Amino acid sequence: MRKHVDRMSWLRHVLWGWLLAFVFVGFVAPAAPASPSFVARCELEGVVDAGSGAYLADCVKRAEDGGASALLVRLDTPGGSLEATRTVVRAFLGSRVPVLVWVGPSGAHAGSAGVFIALASNVSAMAPGTNIGAAHPVGAGGEDVEQVGGEQLAKKVENDTVAFAEGIARQRGRNPEWAAAAVRDSASVPADRAVALRVVELVSPTEAAFLASVDGRRVEVAGGDSVTLATRDARVVSLEPGLSQQVVHALAQPTLVYLLFLVAALGLVVELSHPGAVAPGLIGCVALVLALMASATLPVRSGALVLMLVGVGLIIAELFVTSGLLGAAGVGLLILGGVFLVDRFEPGWFVEPSFRLSWSVMLPTALVFAGAMAFVVYRSAQTRRLPQRGGDAGLVGEAGTALGPVTPSGGEVFVHGERWRAVSFTPIHEGARVVVRAVEGLTLTVAESMP
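A quick note: this is a predicted structure, and the numbers were derived from the prediction, not measured.

Parameters at a glance
Residues numbered from 1 in each chain as written. Predicted model: local features only at pLDDT ≥ 70, side-chain atom pairs only at ≥ 80, totals over all residues. Heavy atoms only, no water. Helix = DSSP H or I, 4+ residues; strand = E, 2+ residues; numbered from the N terminus. Buried < 20%, exposed > 50% of the residue type's maximum accessible area, 1.4 Å probe, protein only. Contact = heavy atoms within 4.5 Å. Areas by Shrake-Rupley, 256 points an atom, 1.4 Å probe, with all protein chains shown as cover. Phe/Tyr/Trp six-rings, centres within 6.5 Å; stacked < 30°, edge-to-face > 60°. Lys NZ or Arg CZ within 6 Å of the ring centre and 35° of its normal. Axes fitted to C-alpha atoms, helices over the stretch in contact; angles between N-to-C directions. Nonpolar A, V, L, I, M, F, W, Y, C, P; charged D, E, K, R; others polar. Pairing = 2+ DSSP bridges. Polar contact = N/O pair within 3.5 Å; in protein donor to acceptor, adjacent residues only side chain to side chain. Salt bridge = Lys/Arg side-chain N within 4 Å of Asp/Glu carboxyl O.

(A) Looking closely at the overall build of the chain. When its secondary structure is counted, the chain shows 15 helices and 18 strands. A burial count over the chain gives 43% of its 451 residues as buried. If you take every contact in the chain between residues at least 6 apart in sequence, the share linking residues at least 24 apart comes to 67%. When the accessible area of the chain is evaluated, it comes to approximately 22600 Å², of which 62% is carbon and sulfur surface.

(B) Quick look at the packing of aromatic side chains. All told, the structure shown has one aromatic pair when counted by the stated rule. Ring geometry for Phe116 against Phe164: centres 5.0 Å apart, planes inclined by 40 degrees, an arrangement best described as tilted. Taken together, the positions of Phe116 in helix H4 (residues 113-119) and Phe164 in helix H6 (residues 151-171) put the pair 48 residues apart, joining distant regions of the chain. The cationic tip of Arg86 hangs over the ring face of Phe164; the distance from NZ or CZ to the ring centre is 4.2 Å.

(C) Structural detail: the packing of helix H2 (residues 50-66) against helix H10 (residues 243-251). Interhelical geometry of H2 versus H10 gives an angle of 140 degrees and a closest axis separation of 7 Å. Here Ala50, Gly51, Ser52, Ala54, Tyr55 and Asp58 of H2 lie close against H10, whose contacting residues are Gln245, Val248 and His249. Residue composition of the contact of H2 with H10, grouped by class: four nonpolar, four polar and one charged.

(D) Looking closely at the sheet that holds strand S18 (residues 443-448). Within the closed barrel, the five strands sit side by side as S14-S15-S16-S18-S17. Their pairing is mixed. On average, adjacent strands in this sheet sit at an angle of 55 degrees to one another, irrespective of strand direction. With four bridges connecting them, strand S15 (residues 412-415) and strand S16 (residues 418-423) associate as antiparallel partners. Opposite Val413, over in S16, you have Trp420 as the bridge partner.

(E) Here's a closer look at helix H7 (residues 176-184). Burial in H7 covers these residues: Pro176, Trp178, Ala179, Ala180, Ala182 and Val183. With a side-chain oxygen positioned 3.0 Å from the backbone nitrogen of Glu177, the residue opening H7 is Asn175. Positive phi shows up at Ser186, right after H7, with a value of about 55 degrees.

(F) Examining the sheet that holds strand S9 (residues 202-203) more closely. Within the open sheet, the six strands sit side by side as S9-S6-S4-S2-S1-S12. Their pairing is parallel. In this open sheet, the two strands that pair with only one neighbour each are S9 and strand S12 (235-238). Relative to S9, strand S6 (residues 123-126) is paired through two bridges, and the arrangement is parallel. Paired with Ala125 across the bridge in S9 is Leu202. Together, strand S1 (38-45) and strand S2 (70-76) form the strand contacts of H2, whose direction differs from that of S1 by roughly 180 degrees.

(G) How the structure looks around the pairing of S16. Linking S15 back to S16 in an antiparallel pair, the connection comprises two residues, with His416 at a positive phi of about 60 degrees. In the sheet, S16 pairs with S18 via three bridges, with the strands oriented parallel. Residue Val423 lies in a different strand from S18, and its bridge partner there is Thr445.

(H) Here's a closer look at the pattern of salt bridges. This model, assessed by the stated rule, comprises 13 salt bridges. Measuring nitrogen to oxygen at the nearest pair gives 3.4 Å for the salt bridge that ties Asp58 to Arg62. Here Asp58 pairs with Arg62, and both are found in helix H2, just four residues apart, close to one helical turn. Note on Asp58: relative accessible area 26%, which makes it partly exposed. Overall, the relative accessible area of 32% leaves Arg62 in the partly exposed class.

Here you go:
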């Protein structure tokens, strides 16, 4: 009996042990390994425009909806549209996901409007050999605002931009004095100096090194929540821009607008000079539509577009006049339109002086285009001087054979593979070689061909 009681007591202890172990595993230990976090990644390379601005704002939303632990942005820009920049800054400051900006690779820069984007991030880093700054407002052609718009307008634009930069810097705990200097004095600093001035937090040679360096750092996101970054071993998922965003971003180049107008003009001229070719006309129409779309995304002068369109019209008119003067005037207007294409002052754009239509591109392209136009006009003039080969007039000068005697009263000849009624001022015997001198209705006036 005692052995039975001892056995039951031992069994109860075993059962209680298993129960306690089950409770510990169920409530203290995790039920399953946690799924690894991921970092969403996007990049801005080139101008900050409507397309790239919409893409970055969309990346923030997609990162939030997808549950990303952070959003990594690779930045390399000369600046761009202020409105697009404000769109990006609003998205970054209102993001519930930490935004990490890396200026890289080596040789890249965050210029002008790019300064505001870097300042709006939660954590920023720069690769060695990069620079940030030069956010002084200038015209899209690189001119000083005061030279173009006057002192009062320059101060107004400058003060508004300074307040914008300082507000972002203070919200993110960065150096507001340097942010103001970047606007007022076009201050620009390399990566190590930017860290010393509290413009960015780190110098990181690669994106992977940047993610490893910020792992465990606590940042504040929208709503005042504090988030600890878990990025060291996170999987990086690239977010690609939509097709419309890619197209708008690709078109936002002054040089491309100019080239598209030239291609459109050349295609239309070739189509008008060779009706039925179809391909040149189609290419010209597509290029013209793309040029108009691109001009809507850039700070361009409407007057410059009118000059270029008039130039195209004069070149087309040259095909019908062939004087040379209209074609030369048309090419001149195309060059003049290119000179004034980019607006000399557009307060809605903050770009480096390099963002302009370069003479090294415009002049050689215009000269090549002028040469192509001259060739087309020359060939068109040559075609007009050729004798007509079709219709009644095309028979004049054709040779044939007399099918019987041909006299002033009539006869028959064989010309151009056909039998014709013919007359001759001098009698022609059967079988003689004849040449057509005139055509009147269905009767040919012929003369005997000299051997």
